[in-house]
Amino acid sequence: EELQKAKAEVELELKRSTRRSAKAMQELKDKVEGYQELLKLKDQEIEKLKNVNTQLFSENRTLKTKQNKLSDSITRLSKNKEELAGKVAIASQLKAENIVIKAVNSKGKERNSPFKNRQLQKLKVEFNLADNKVAPIEGKKIIIRITDENNQVIFDVAKGSGTFMLNGKEEFYTAAQDILFDNTKQKLTFFYEKGSDYTSGKYVMEIFADNYKIGSAPFDVK
């Protein structure tokens, strides 16, 4: 009886343990199935993200291609603008025409080159500013520079001479006038009285506006 009773208790305990184990196994199985379902969902999400990433990469590459094309277009437009600005700047440069150089004596009589010192009380320079539809109507400083055959500038600060920048270098000029350029082929006249005899030889008279040369003409002194 005692053995039967002990056997019954053991069998009961085994049944209870089996039920507990089965319950624990089922719970574990449910958890595993839950994890598997979660992993499946994550795999699907990862696959979607991969597709989105691929699409974004493709769009990004397209955008970069468009950006590069736009940058190239901007570069070309900037270059064209600079070239056009350069052409306009060149086209708007003034030009002196009908240049005449004469010697004026003390009685006001004028003579053409070659000059004699006794005839050179004053040096007279006349010219017109050529028609230029591109050049703006604005104030201009017109400069003349006279150099001898040794490339020495004839100047006298007391008589209106001064300096200006030419090719990045400060240079002397002989005379200057401030004018309003109005594109009417206006005629300009310069008088320069040296105050001493000119050395015999060849001379060059150059005309400048905005620090570039717009004309020149030679003359001789005997």
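The present account deals with the structure reproduced in this document. The model shown is predicted, which means the values in this text are computed figures rather than measured ones. (Residues numbered from 1 in each chain as written. Predicted model: local features only at pLDDT ≥ 70, side-chain atom pairs only at ≥ 80, totals over all residues. Heavy atoms only, no water.)

**Thoughts on a nonpolar patch on the surface**
So, point 1. Together, Met25, Leu28 and Val32 line one region of the surface with nonpolar side chains, adding up to about 290 Å² of accessible area.
So, point 2. Relative to the elements of secondary structure, leucine 28 occurs in helix 1 (residues 2–91). (Patch = residues over 30% accessible without salt bridge, like charges linked within 9 Å, V, L, I, M, F, W, Y side chains within 5 Å. Areas by Shrake-Rupley, 256 points an atom, 1.4 Å probe, with all protein chains shown as cover. Salt bridge = Lys/Arg side-chain N within 4 Å of Asp/Glu carboxyl O. Helix = DSSP H or I, 4+ residues; strand = E, 2+ residues; numbered from the N terminus.)

**Concerning the nonpolar core**
So, point 1. The biggest cluster of nonpolar side chains holds 31 residues, and the ones touching the most others in it are Leu94, Phe127, Ile142, Met205 and Phe219.
So, point 2. Among the elements of the structure, strand 1 (96–104), strand 3 (122–129), strand 4 (138–147), strand 8 (175–181), strand 9 (187–192), strand 10 (201–209) and strand 11 (212–221) are those that each provide at least two residues to this core.
So, point 3. With five residues, strand 11 is the single largest residue contributor to this core.
So, point 4. Every residue in contact with phenylalanine 127, bar those within four places of it in the chain, is listed here: Ala96, Glu97, Asn98, Ile99, Ile142, Gln186, Lys187, Leu188, Phe190 and Ile207.
So, point 5. In this structure, Ile143, Phe164, Tyr173 and Phe208 belong to the second largest nonpolar core, which totals five residues. (Core = buried A, V, L, I, M, F, W, Y, C linked by side-chain atoms within 4.5 Å. Buried < 20%, exposed > 50% of the residue type's maximum accessible area, 1.4 Å probe, protein only. Contact = heavy atoms within 4.5 Å.)

**Let's talk about the environment of asparagine 117**
So, point 1. Along the polypeptide, asparagine 117 turns up in the loop between strand 2 (110–112) and strand 3.
So, point 2. For the pair formed by asparagine 117 and phenylalanine 155, sequence separation is 38 residues and the distance between their alpha carbons is 17 Å.
So, point 3. Beyond its immediate stretch of four places on either side in the chain, asparagine 117 contacts Asp197, Tyr198, Val221 and Lys222.
So, point 4. From its side chain, asparagine 117 meets the backbone nitrogen of tyrosine 198 in a polar contact 2.6 Å long. (Polar contact = N/O pair within 3.5 Å; in protein donor to acceptor, adjacent residues only side chain to side chain.)

**Notes on the environment of leucine 3**
So, point 1. As for its position among the elements, leucine 3 is in helix 1.
So, point 2. Leucine 3 gets classed as exposed once you look at its relative accessible area, which sits at 73%.
So, point 3. In this structure the C-alpha to C-alpha distance between leucine 3 and isoleucine 214, which are 211 residues apart in sequence, comes to 135 Å.

**Focus on the side chain of glutamate 126**
So, point 1. Among the secondary structure elements, glutamate 126 is positioned in strand 3.
So, point 2. Reaching out from glutamate 126, the side chain makes a polar contact with the side chain of lysine 124 at a distance of 3.3 Å.
So, point 3. With near-sequence residues (within four places) excluded, glutamate 126 lies in contact with Asn98, Ile99, Val100, Lys187, Leu188 and Thr189.

**Notes on the side chain of asparagine 132**
So, point 1. Inspection of the secondary structure assignment puts asparagine 132 in the loop between strand 3 and strand 4.
So, point 2. By relative accessible area, asparagine 132 is classed as buried at 9%.
So, point 3. In this structure the side chain of asparagine 132 is engaged in a polar contact, spanning 3.0 Å, whose partner is the backbone oxygen of glutamine 93.
So, point 4. Each residue touching asparagine 132, except ones within four places of it in the same chain, is listed here: Ala91, Ser92, Gln93 and Asn183.

**With respect to the packing of aromatic side chains**
So, point 1. Per the stated rule, a full pass over the model turns up seven aromatic pairs.
So, point 2. Between phenylalanine 127 and phenylalanine 190, the ring centres sit 6.0 Å apart and the planes meet at 15°, which makes this aromatic pair stacked. Linking phenylalanine 127 in strand 3 with phenylalanine 190 in strand 9, this pair joins segments that are 63 residues apart in sequence.
So, point 3. By relative accessible area, which is 3% here, phenylalanine 190 ends up buried. (Phe/Tyr/Trp six-rings, centres within 6.5 Å; stacked < 30°, edge-to-face > 60°.)

**Focus: unusual backbone geometry**
So, point 1. Looking along the chain, the bond that leaves serine 113 and enters proline 114 is cis, with omega of 5°.
So, point 2. Looking at the element boundaries, proline 114 is found in the loop between strand 2 and strand 3.
So, point 3. A positive phi angle, near 65°, is found at asparagine 151, a position not held by glycine.
So, point 4. By the secondary structure assignment, asparagine 151 is in the loop between strand 4 and strand 5 (153–154).
So, point 5. In this structure, asparagine 183 is a non-glycine residue whose phi angle is positive, near 60°.

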